[in-house]
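An overview of the molecular structure
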Amino acid sequence: MTDAGAAQPAPDGRLILLLIGAVGAGKGTQAELLAARLGIPHLASGDLFRAALRAGTPIGERARTYMDRGDLVPDEITIEMFMDRLSDADAARGAILDGFPRTVGQAAALDATLASRGERIARAIYIAVPTEELVQRVAGRSVCPTCGTPYHDVSDPPRQPGICDKDGTPLVRRDDDRPDVVRARLQKQVPPMLQVVEHYRSAGVLAEVDGRRAIDDVLADILAAVT
Ligand SMILES: [Zn+2]
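These notes cover the structure that comes with them.

About the cut-offs
- Here, residues in each chain are numbered from 1, in the same order as that chain's written sequence.
- The predicted nature of this model means local features are confined to residues of pLDDT at least 70 and side-chain atom pairs, given and counted, to a pLDDT of 80 or more, with totals for whole chains, interfaces and linings taken over all residues.
- Heavy atoms throughout the structure, all of them, feed into the side-chain values; hydrogens and water do not.
- Numbering of helices and strands runs from the N terminus; a helix is a DSSP stretch of H or I covering at least four residues, while a strand is a stretch of E covering at least two.
- It is over C-alpha atoms that the radius of gyration is taken, and the globule rule equals 2.2 Å times the number of residues to the power 0.38.
- For the exposure calls, accessible area comes from a 1.4 Å probe over protein chains only, and a residue counts as buried if that area is under 20% of its type's maximum, exposed if over 50%, partly exposed in between.
- The nonpolar core is taken to be a set of buried Ala, Val, Leu, Ile, Met, Phe, Trp, Tyr and Cys residues, with the residues joined through side-chain atoms within 4.5 Å.
- Every residue pair with non-hydrogen atoms within 4.5 Å of one another is taken to be in contact.
- Here the rule is simple: two strands pair whenever DSSP picks up at least two bridges between them.
- To obtain each axis, a line is fitted to C-alpha atoms, and for helices this fit is confined to the stretch in contact; angles are then taken between N-to-C directions over 0 to 180 degrees.

With that settled, the discussion passes to the overall build of the protein chain. On a plain count of helices and strands, the protein chain comes out with 8 helices and 7 strands. Here the C-alpha atoms of the protein chain give a radius of gyration of 19 Å, agreeing with the 17 Å that 2.2 N^0.38 yields for 227 residues. Taken along the three principal axes of its C-alpha coordinates, the protein chain extends 55 × 45 × 30 Å. The 227 residues of the protein chain split such that 44% are buried.

Structure follows, in structure tokens:
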């Protein structure tokens, strides 16, 4: 389900994609599958931060000064981190951005930085899933504390409820995955996310896909929108 015409790569032909979706929408899974199919890297903001901090790069050190104070890292540092990573050889043909921008202000700043280098977001892909379905997806999660195997009450249940198939350990649920906690998180996350969606719809680069279906069907829609 596509809103605009063919994806519009920058003049140099690089395919810079943006994946948008709430927690539980399957964004990370789709990003990994898409990266493998297209042969371009998946750049998740959280991973970039962790890598920059671990490597002690100048940009990582600047981010650390804010994080050590408990402050939010300024948008320009996050954008610089993405731009640094985009200059790596494996991103020469494009990349999939994930986890940023989260607000319209961040989207405008990212667009401006890309434009200053003659580039743009070729396609913003919004994986749409109704909020209550997201709550059910996330709230059904559990994990084995011994071996780390994840389960889901509906989509991936253990053979015996509440028990790990591999080692018989009782499964645990994270507090973060309680329905009320998930619902509260989504209430904060979804409105600014939808503003970002509308921002890229206005720019004529949005592709909205129905994320309620099987992983392969969602991936097929995304591939159709970007190739
Ligand atoms: Zn286990």
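A negative phi angle is the norm for most residues apart from glycine, just as the trans form is the norm for most peptide bonds. Of the consecutive residues Phe-100 and Pro-101, the connecting peptide bond is found in the cis state with omega at 0°. In this fold, Pro-101 is placed in the loop between strand E3 (94-98) and helix H5 (104-116).

Moving on, we come to the nonpolar core. Ranked by size, the top nonpolar core spans 63 residues in total, and within it Leu-17, Leu-97 and Tyr-200 carry the most contacts. Looking at which element gives the most residues to this core, the answer is helix H7 (residues 179-202), with 7 residues. In contact with Leu-17, other than residues within four places in its own chain, are Leu-34, Leu-38, Ile-40, Ala-95, Ile-96, Leu-97, Ala-122, Arg-123, Ile-125 and Val-226.

The next thing to look at is the sheet that holds strand E4 (residues 123-128). Pairing is parallel across the open sheet formed by 5 strands, whose spatial order is E2-E3-E1-E4-E7. Strands at the two margins of the open sheet, each flanked by one partner only, are strand E2 (42-44) and strand E7 (206-210). The average angle at which neighbouring strand axes cross in this sheet is 25°, direction not considered. Summarising the sheet, E2 and E3 pair through 3 bridges and their orientation is parallel. Each bridged residue has a counterpart across the sheet, and for Leu-43 the counterpart in E3 is Leu-97. Where helix H1 (residues 27-38) meets the sheet, its contacts fall on strand E1 (15-20), E2, E3 and E4, and the angle it forms with E1 comes to roughly 160°. Across the sheet, helix H8 (residues 215-226) touches E1, E4 and E7, and the angle it forms with E4 is around 160°.

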